[in-house]
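Overview (structure and organization)
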Amino acid sequence: MAKDTVEIPVPVLSSIETLDELQDWLTAQNPQIVAELREARSQDLAGEFKAWEPRHAPWPTESK
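Residues numbered from 1 in each chain as written. Predicted model: local features only at pLDDT ≥ 70, side-chain atom pairs only at ≥ 80, totals over all residues. Heavy atoms only, no water.

**Details of the overall build of the protein chain**
Quick note on the threshold: Each helix is a run of DSSP H or I of at least 4 residues and each strand a run of E of at least 2, with the numbering of both proceeding from the N terminus. It is over C-alpha atoms that the radius of gyration is taken, and the globule rule equals 2.2 Å times the number of residues to the power 0.38. The classification of residues rests on relative accessible area computed with a 1.4 Å probe and restricted to protein chains. Under 20% of the type maximum is buried, over 50% is exposed, and intermediate values are partly exposed. Values of accessible area rely on a 1.4 Å probe in the Shrake-Rupley scheme; residue burial ignores everything except the protein chains shown. Note on charges: Lys and Arg go in the positive column, Asp and Glu in the negative column, and His and the chain ends are not counted at all. One atom stands in for each charge, and that atom is NZ of Lys, CZ of Arg, CG of Asp or CD of Glu.
Each helix and strand in the protein chain was counted, giving three helices and zero strands. In the protein chain, the succession of helices and strands from N to C terminus is α-α-α. The globule rule puts the C-alpha radius of gyration for 64 residues at 11 Å, and the 19 Å found for the protein chain is more than 25% above it. Taking the principal axes of the C-alpha coordinates as reference, the protein chain spans close to 50 × 45 × 25 Å. Counting all 64 residues of the protein chain, 6% fall into the buried class. Per element, the accessible surface of the protein chain, about 6,600 Å² overall, is 56% carbon and sulfur. Seen as two clouds, the 6 positive and the 12 negative side-chain charges of the protein chain have centres 9 Å apart.

Listed below in structure tokens is the structure:
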């Protein structure tokens, strides 16, 4: 299979209703992302996490 081709099983394709659901399925098929999510979850359960700090990037607007 070519590197730019993704195989989606017919039952999966027929069961999705939105592009978000398709994106979720595709994400779940990526072993690197799944490994990173599992690592983040194990760190969270062990209390080894940093509090989330939102970032603010100033963006010039015409209203000011």
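That was the structure; now back to the text.
**Considerations on a negative patch on the surface**
Cut-off, in case you're wondering: Nonpolar side chains (Val, Leu, Ile, Met, Phe, Trp, Tyr) are joined into patches within 5 Å and like charges within 9 Å, using only residues with over 30% relative accessible area and no salt bridge. Each reported salt bridge corresponds to a side-chain nitrogen of Lys or Arg within 4 Å of a carboxyl oxygen of Asp or Glu.
A surface patch of negative charge is lined by Glu 17, Asp 20, Glu 21 and Asp 24. Position of Glu 21 relative to the elements: it lies in helix H2 (residues 19-28). Of the residues examined, Glu 21 reaches a relative accessible area of 33% and is grouped as partly exposed.

**As for the environment of Val 10**
Mapped onto the elements of the fold, Val 10 is located in helix H1 (residues 10-15). Residue Val 10 is classed as exposed on the basis of its relative accessible area, which comes to 64%. Between the C-alpha atoms of Val 10 and Pro 31, which are 21 residues apart in sequence, the distance is 21 Å.

**A closer look at the environment of Ser 42**
As for its placement among the helices and strands, Ser 42 is situated in helix H3 (residues 31-45). Taking the C-alpha atoms as reference points, Ser 42 and Trp 59, separated by 17 residues in sequence, lie 36 Å from one another.

**Some details on the environment of Thr 27**
Which entries qualify depends on this criterion: Contacts are assigned to residue pairs that have any heavy atoms within 4.5 Å of one another.
Looking at where Thr 27 falls in the secondary structure, it is placed in helix H2. Its relative accessible area of 30% is what places Thr 27 among the partly exposed residues. Not counting chain neighbours up to four residues away, the residues in contact with Thr 27 comprise Ile 33 and Val 34.

**Topic: H3**
Formally: Expected span of a helix, by definition, is 1.5 Å for each gap between consecutive residues, and there is one gap fewer than residues.
Taking 1.5 Å of rise per residue, the 15 residues of H3 would be expected to cover 21 Å, and the 21 Å separating its terminal C-alpha atoms lies within 8% of that figure. Downstream of H3 by one or two residues, Gly 47 has phi in the positive range, about 75 degrees.

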